[in-house]
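The residues making up each chain are set out below.
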Amino acid sequence: MADSDEEEDYMNMVFDDAPKQPTHETSLQRAARKRKEGEARARQKSKAEREADAEAAREASLATALPETNKGFKMMAKFGFKQGDTLGKAENARKEPIQVNIKEDRSGIGLESEKKRKLREAWDEAARAAKRSKEEEGDYLEDRKQQQKEKKMERDLDSAQRTAERLSEEEAEEADGPSPEEKPLKHINVLWRIRARRRVEKEHDWRQRRELENSLASRLPTLAQEDEHNDSKVAQGHDVTPFYASLENDLEDEDPELAEFEALPVSERLTKVLVFLREKYKYCLYCGYQYPDAAMEGCPGITEEDHD
Amino acid sequence: MATKREYTTEDSSSSAKRPKMENGNGKLDAANNPYLAHWNDDKSNTANGLYDFKRHATTTKQASAAEDGPLNPFTGRSLSNRYMGILKQRRDLPVHKQRDEFLKLYQESQILVFVGETGSGKTTQIPQFVLFDDMPHKSAQMVACTQPRRVAAMSVAQRVAEEMDVELGEEVGYSIRFEDKTGPNTMLKYMTDGMLLREAMHDNNLTRYSTIILDEAHERTLATDILMGLLKEVVLRRKDLKLIIMSATLDATKFQKYFHNAPLLAVPGRTHPVEIFYTPAPERDYVEAALRTVLQIHATEDEGDILLFLTGEEEIEDACRKISLEAQDLVREDAAGPLVVYPLYGTLPPAQQQKIFSPAPPPTRPGGRPGRKCIVSTNIAETSLTIDGIVYVVDPGFSKQKVYNPRIRVESLLVSPISKASAQQRAGRAGRTRPGKCFRLYTESAFKKELIEQTYPEVLRSNLASTVLELKKLGVEDLVHFDLMDPPAPETLMRALEELNYLACLDDEGELTTLGSLASQFPLDPALAVMLIVSPEFYCSNEILSLTALLSVPQVFVRPASNRKRADEMKDLFAHPDGDHLTMLNVYHAFKSEEAQANPKQWCHDHFLSYRALQQADNVRLQLKRIMEREELELMSTSFENKKYYENIRRALVAGFFMQVAKRDGNGKAYMTVKDEQNVLLHPSTVLGQDSEWVVYNEFVLTTKNYIRTVTSVKPEWLLDIAPNYYDVAAFKKGEIKTALQRVATKIQRKEQEKGKR
């Protein structure tokens, strides 16, 4: 595959576009790089990876404004339009297109925010403080950039955790250790324990819903009924909130280690997982490659910026 | 039927031309005006009940007397008994009480904002009030009343024709895309807002109309918004034109402000108080919560029908099934009376839509618990349809809304939270007959904090390519400063201009080209119009005409949940290995065959095709064909035996849709869209069998996965050949697509060189 590509490149005479290689690259380094690139290309991406890629590409495009080189821009400029202007004569005309938000589940209005609030209160607090000071500076663009960066970091964190989990499972399998399902939550490395926790939660949800659907009680009142006592509501399955509340308590009270880790800012969590991956598995997320030796020759560094 | 016969004889007797008597303010010499031939009718003249009316100076008293008969003031025929019955009902409507007030404001000002809640009777009555005062027939003009939906335009026109005791299509008519039911006598025309916009393209000052009523303006459809922008300018040029903006919500101050502080008249609707309930905590699954709530209401609440709002066809059908099943259990346990569940959504056949008006079922046994009906609907039931008997509304707070983003050029229907205004409107549906209850499946604080105030108007959520073309044709030069009520983001206009430029509808200066001017004649998206116009160059305009019609109607394939396998087998009968467009064409050709036309309904049923959609496509095709003939575009086909038959069609497809192309990413199933570089998958419904490296697609659907729907395979050489401006390889971002295109370009070059050598 790699070979055929090289051949095509040659036929097309596209040398001009080829990135200028740093002059100090030795032949061995180049060979290593080529091999690595070839392997990366040849690897079939998993479904989940593809979906993540698609989402990332979409989010990136959605966050990028059309450039001034756009033909439409020139036509508009003829009528005095400048970058940053709005259309029409109304006072509060839009500057940016409406956000595209894709709803992925059937959660009701307010659930998402409620969940977020409960799970990451500590982190939110920090973010709010940071935001406040930023807003005071009035640096809106900077703020947006920061938000996007954080979003990206969260995605990276997720894939890093996924990789870590996969690698550790593979290792466990080779060592014939207990399969992850049998492992109690607490024995999973805290760095990616949240993933297992989420799975358990989902399972609970699903079971709960099944029960609700199957029981007669599920058809009967759930909308606020003042006269009923809370416990009896729970018993009858009228109100499911307390159940979930206890589950969330589990997370916060009984697993202080996880709670502590989750309370860290996203960048810190990401760095921790990245470092772990490198030390334990000689794996670099941004190279997408597991190196054969601890030197990790060819990998420019830990962070994504190093890979630019 | 009797009236019709009577009328035709009368009409033929009037065909002899007679000099016209001076009538009212007759400034025109009507006798010589061929358009006013219908005046030259002795009978209708003597019978004209409005002869002593002075234009824009009439009173309610005068009008009422004329309405009482005995002769129809507009036609001169005697009024039927039925008319008298309806007249009594009409005078009970809330708007009637304010007829005086309305007339005063209407006569005094050029623009009027009128607010009346659903059920006030504004859509049927106000245009008639106007007729008695404006008397458009005396100046050979008309009153137009726009509606956002085709169905509404048709059904309201039908109703008003009955109220005025005239034949539909005569004094009262309607005009919707692909259907015009008006005649030379028409004085009141209900029409979709889109149709009025199209008329403005040929008649920039809308001189055919003396009064224009924009109804349901609160819905803020794209066409209504554009019309408001246009009419704001037209009223300055035409001081004799009157404009009424009608809205159902109290957000009318925005309209007032936009129209230079026009006066406002508000008529209360007939509504009862509605008690609102919120859930104590956010719901984990809004559909499941909705089902529970409906069954809870059924089991515990007093008599009264239920209206549940959900988002789309599939969700609604599924919910209907589940509610019915659970309700049967309740009946069996004698915990509740019988419950009948009806779905309601736009693509439902009209006969089935009518079912929602059938009464609730009776108790299973005498003296048993009363029956109830439950309607599960999209937001059609929010404003446009009025269903009496609804006492309980269940509102999960979501609806499917169109979203357009110019950055990735995707126009898609997405499930999104509704606005506060929408939630209020929904709640209001419970109070139509008596005090009602609305169950909101979210918390009160979520209502306050998470819902936006007003739903975004369509102009902010649409691709504006087609609108820009229309505006250019309307003579609007400066689109940047066109005064819209809510201007969209500049990038939306930028993208539309760019797309039209690539389609060669606008030149680099933004001026309309010949092709653009021609494309604007078709009530189609620019890409479709361009494809149709250039199709003679590919010797397949007949086929492209059919295809365009098929792409303009709802899905022709039916795939019922209960019989998916069989439906797929039937679809395979028509499948063309090169893609869905060609498959649709095969369907159409089969549908037009003698065998199918013997009993088309049965044939469609047997083959899992929508008879309605195909019939509609047939009608659309005919309308488009007329335009093609008028514009002297040749209709032709490549002979079916010719091996280029399908290739020509695919090439013509590229000529319109070259901006909607995707290339396969590596060897997998994934594709990547050209230029925007979005990762997409082929929609599971596609028939595309073979491995196709390049495809054109009709639609980019955004869900949790990105899909492209209705795809056909094409060759990259065609892209470079047919759309060289767009496929300017040097300008492409570096990547797999650029490399592939470069390879193709080199290949073409080499071939040409070889040819040159020979």
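The following refers to the structure shown. Here the structure is a predicted model, which is why all the values come from computation and not from measurement.

Here the focus is the sheet that holds strand E17 (residues 661-664) of chain B. Residue and element names in this part refer to chain B. Judged by pairing direction, the barrel is mixed, and its 5 strands sit side by side in the order E17-E18-E19-E21-E20 before closing back on the first. Put simply, the sheet's adjacent strands are angled 50 degrees from each other on average, direction ignored. Pairing of E17 with strand E18 (residues 671-673), which is carried by 3 bridges, proceeds in the antiparallel orientation. The partner of Ala 662 across the bridge, within E18, is Thr 673.

Let us now look at the packing of helix H20 (residues 526-534) of chain B against helix H21 (residues 541-551) of chain B. Residue and element names in this part refer to chain B. Contact pair H20 / H21: the axes reach a minimum separation of 9 Å and the direction vectors enclose 165 degrees. The angle between the axes of H20 and H21 places the two elements in the roughly antiparallel class. In this structure, H20 meets H21 at a crossing whose hand is left-handed. When H20 is examined against H21, the residues Leu 528, Met 531 and Leu 532 are found in contact with a partner set consisting of Ile 544, Leu 545, Thr 548 and Leu 551. In terms of residue class, the contact of H20 with H21 is made up of 6 nonpolar, 1 polar and no charged.

The phi torsion of most residues other than glycine is negative, and most of the peptide bonds are trans. Its identity is not glycine, yet Lys 282 of chain A carries a phi of approximately 55 degrees, on the positive side. Within the fold, Lys 282 of chain A resides in the loop between helix H12 (266-281) and strand E1 (283-284). With relative accessibility at 27%, the residue Lys 282 of chain A sits in the partly exposed group. Its identity as a non-glycine residue notwithstanding, His 56 of chain B has a phi of 60 degrees, on the positive side. Secondary-structure assignment places His 56 of chain B in the loop between helix H2 (42-46) and helix H3 (60-68).

This paragraph deals with the packing of aromatic side chains. All chains considered together, the criterion is met by 23 aromatic pairs over all chains. Seen from their ring centres, Tyr 289 of chain A and Tyr 291 of chain A are 4.9 Å apart, and the 90 degrees between their planes marks the pair as edge-to-face. What makes Tyr 291 of chain A buried here is its relative accessible area of 4%. Both rings, one in Tyr 502 of chain B and one in Tyr 726 of chain B, keep their centres 4.8 Å apart while their planes meet at 90 degrees; by these two values the pair is edge-to-face. Separated by 224 residues along the polypeptide, Tyr 502 of chain B in helix H18 (residues 490-502) and Tyr 726 of chain B in the loop between helix H28 (716-722) and helix H29 (736-757) bring together distant segments of the chain. As far as burial versus exposure is concerned, Tyr 502 of chain B and Tyr 726 of chain B are alike and both buried. Aromatic rings pair up to connect Tyr 502, Phe 658, Tyr 726, Tyr 727 and Phe 732 of chain B into one cluster. Lying across the ring of Tyr 726 of chain B, Lys 675 of chain B places its NZ or CZ 4.0 Å from the centre.

What counts, and at which threshold
- By convention here, each chain's residues receive numbers from 1 onward along its written sequence.
- Each chain takes a letter, starting from A, and each ligand takes a number, starting from 1, following the order in which they are written.
- Totals for whole chains, interfaces and linings use every residue, but because this is a predicted model, local features are given only for residues with pLDDT of at least 70 and side-chain atom pairs only at 80 or more, for both listing and counting.
- Derived side-chain values reflect all non-hydrogen atoms in the structure, with water molecules and hydrogen atoms excluded from consideration.
- DSSP-based pairing: two strands are paired if at least 2 bridges between them are found.
- Here a strand is any run of E in DSSP of at least two residues, a helix any run of H or I of at least four, and the numbering for each starts at the N terminus.
- What counts as an axis is a line fitted to C-alpha atoms, over the stretch in contact for a helix, and the angles between N-to-C directions run from 0 to 180 degrees.
- Oblique is the label for any angle not covered by the other classes, which are roughly parallel (under 35 degrees), roughly antiparallel (over 145) and roughly perpendicular (65 to 115).
- Should the near helix be turned counterclockwise from the far one by less than a right angle, the crossing is left-handed, whereas a clockwise turn marks it as right-handed.
- Contact criterion: two residues are considered in contact whenever any of their non-hydrogen atoms come within 4.5 Å of each other.
- Residues are grouped as follows: Ala, Val, Leu, Ile, Met, Phe, Trp, Tyr, Cys and Pro are nonpolar; Asp, Glu, Lys and Arg are charged; all remaining types, including Gly, are polar.
- Under the scheme applied here, a residue whose accessible area is under 20% of the maximum for its type counts as buried, over 50% as exposed, and between as partly exposed, the area being computed with a 1.4 Å probe on protein chains only.
- Only rings of Phe, Tyr and Trp enter the pairing, Trp through its six-membered ring, and a pair is recorded when the two centres are within 6.5 Å. The plane angle decides the type: under 30 degrees is stacked, over 60 is edge-to-face, the rest tilted.
- Counting as a charge over the ring demands two things of the Lys NZ or Arg CZ atom: a distance within 6 Å of the ring centre and an angle within 35 degrees of the ring normal.

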